[in-house]
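Fold and geometry: a report
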Amino acid sequence: MEQEKVHGSEELRAEAASYRCSACHGDEDWGLGHPIRGRAKSRSLSAAPAVASTREFRRTRSLHGPCPVTTFGPKACVLQNPQTIMHIQDPASQRLTWSKSPKSVLVIKKIRDASLLQPFKELCVYLMEENNMIVYVEKKVLEDPAIVSDDRFGPVKRKFCTFREDYDDISNQIDLIVCLGGDGTLLYASSLFQGSVPPVMAFHLGSLGFLTPFNFENFQSQVTQVIQGNAAVVLRSRLKVRVVKELRGKKVAVPNGISENGVLAAALDAEVGKQVMQYQVLNEVVIDRGPSSYLSNVDVYLDGHLITTVQGDACPAGVIVSTPTGSTAYAAAAGASMIHPNVPAIMITPICPHSLSFRPIVVPAGVELKIMLSPEARNTVWVSFDGRKRQEVRHGDSISITTSRYPLPSICVRDPVSDWFESLAQCLHWNVRKKQAHFPEDEEDADEEAGAGRAGS
């Protein structure tokens, strides 16, 4: 754990080399090892006006807040330890640029939605013919009867590069990801990349669209600006999840040496009889009691210390461990607060807790959580990752969760703050109510006169 936090980590440097920050200098890493040298001016990629004003906003203060004073009174101070210091760039100044022009793009389309066929065709034609890019799509997308029967789309369709989920690893072949659909397309994109994730541009063509800020009407100009490197990004943290299970005499079938999600085949240690699986999770890890009628009963450890036992009594009873991005999903429905994706944190939210005092909590992003069945548990529990890969967890199994070093870089329409509040207002109708009526002017005058009379007496 400590090695992951050290500034000189080779993997951190390698990850930072994939993206550059134009707010500082084109050749410097994104926020690793250099101070903030300015604030990038946010620029809208959409024709839509801003939430509160059409004037362009220039942020002058860091989203991280001021650097705290570490001297206390005349003689006390914080012990300095330069070995573990990380210089993190202000999220407000994070803008996308390319070290080389992007050549390959992965287009993810919502399956079984006829309304997306025309936007999908228009986007692919524009990327191939206007930008001379290589377009990757999932094989089952091209098996849609409407696409198969379209003779005019045939010449374009033959140029696609296709892949199959769980069998083909395309993680090192994609420069840019474009999503057409709802929030599920972004979660699916995240699941395909268990390491570094290319920048993601998500178009709102689904039901909710909290994570998909772009409108498709003027997609040509928006895509062009992104390809030219003119865009703000928000780094959505992901969870690194490690599931350790006892084999219990069962063999693990893995096609082509690659398991679900493109994760490398499960690591098997014959000496200790364990099966180890790893996942990168964008929204949340959900542990629930499944079909059992007993109380869910799981222990939660933080950095090796038992902090609580979660007991829940209802059909979905359990616990949610979520990222700030996931705080507006299942966690919000379970009563948790909503956290901006730039806040480094992990949320722990109980589901139907059998306790009146069990409230959701927020812990630092750098901690490691471990969840196991309590010794007293009468039944097993079930776990899912972003709503997928649901599996049973038994006595002796464990789930370790910490913040991943591989965030998902989501491209913004305007900037991280404006986009987030726009989504709160448009998708969740946050704090929407009919406003209180104003007093008529004659009643206001009467109240003022009555008040003056009382004061005179």
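Located above this text is the structure these notes cover.
In this report, the structure presented in the accompanying data block is examined. Computed from a prediction, not measured in an experiment: that's the story for all the values here. Residue positions within a chain follow its written sequence, with the count starting from 1. The predicted origin of the model limits local features to residues at a pLDDT of at least 70 and limits the giving and counting of side-chain atom pairs to 80 or more, whereas totals for whole chains, interfaces and linings rest on all residues. Based on all heavy atoms of the structure, the side-chain values leave hydrogens and waters out of the count.

**A short note on the sheet that holds strand β20 (residues 381-385)**
Two strands qualify as a pair provided that DSSP identifies no fewer than 2 bridges between them. Note on conventions: DSSP H or I runs of at least 4 residues are helices, E runs of at least 2 residues are strands, and numbering of each starts at the N terminus. Strand order across the open sheet formed by six strands is β18-β17-β16-β13-β20-β21, with antiparallel pairing between neighbours. Only two strands of the sheet have a single neighbouring strand rather than two, namely β18 (361-364) and β21 (388-393). In this sheet, adjacent strand axes meet at a mean angle of 20° when their direction is disregarded. As defined by bridge partners, strand β13 (residues 284-288) adjoins strand β16 (residues 318-322) across five bridges and the pair is classed as antiparallel. Counterpart to valine 285 in the pairing with β16 is valine 321. Here, axes are lines fitted to C-alpha atoms. For helices the fit covers the stretch in contact, and angles between N-to-C directions go from 0 to 180 degrees.

**Observations regarding the nonpolar core**
To form a nonpolar core, buried Ala, Val, Leu, Ile, Met, Phe, Trp, Tyr and Cys residues must be joined to one another through side-chain atoms within 4.5 Å. Accessible area is worked out with a 1.4 Å probe on protein chains only. A residue is then buried under 20% of its type maximum, exposed over 50%, and partly exposed in between. Ranked by size, the top nonpolar core spans 35 residues in total, and within it Val107, Phe120 and Phe160 carry the most contacts. Among the elements of the structure, β4 (104-109), α3 (117-130), β5 (134-138), α4 (139-142), β7 (176-181), β8 (200-204), α8 (219-227) and β9 (231-236) are those that each provide at least two residues to this core. Among the elements that line this core, the one with the most residues is α3, at seven residues. Counting 29 residues, the second-largest nonpolar core is a separate cluster that includes Leu239, Ile348, Leu369 and Val381.

**Let's talk about α8**
Every buried residue belonging to α8 is among Phe219, Gln222, Val223, Gln225, Val226 and Ile227, and all of these are buried. Whether two residues are in contact is decided by their heavy atoms: any pair within 4.5 Å suffices. Buried residues belonging to α8 abut β3 (95-96), α3, β7, β8, β9 and β23 (408-411). Phi turns positive one or two residues past the end of α8, at glycine 229, with a value near 85°.

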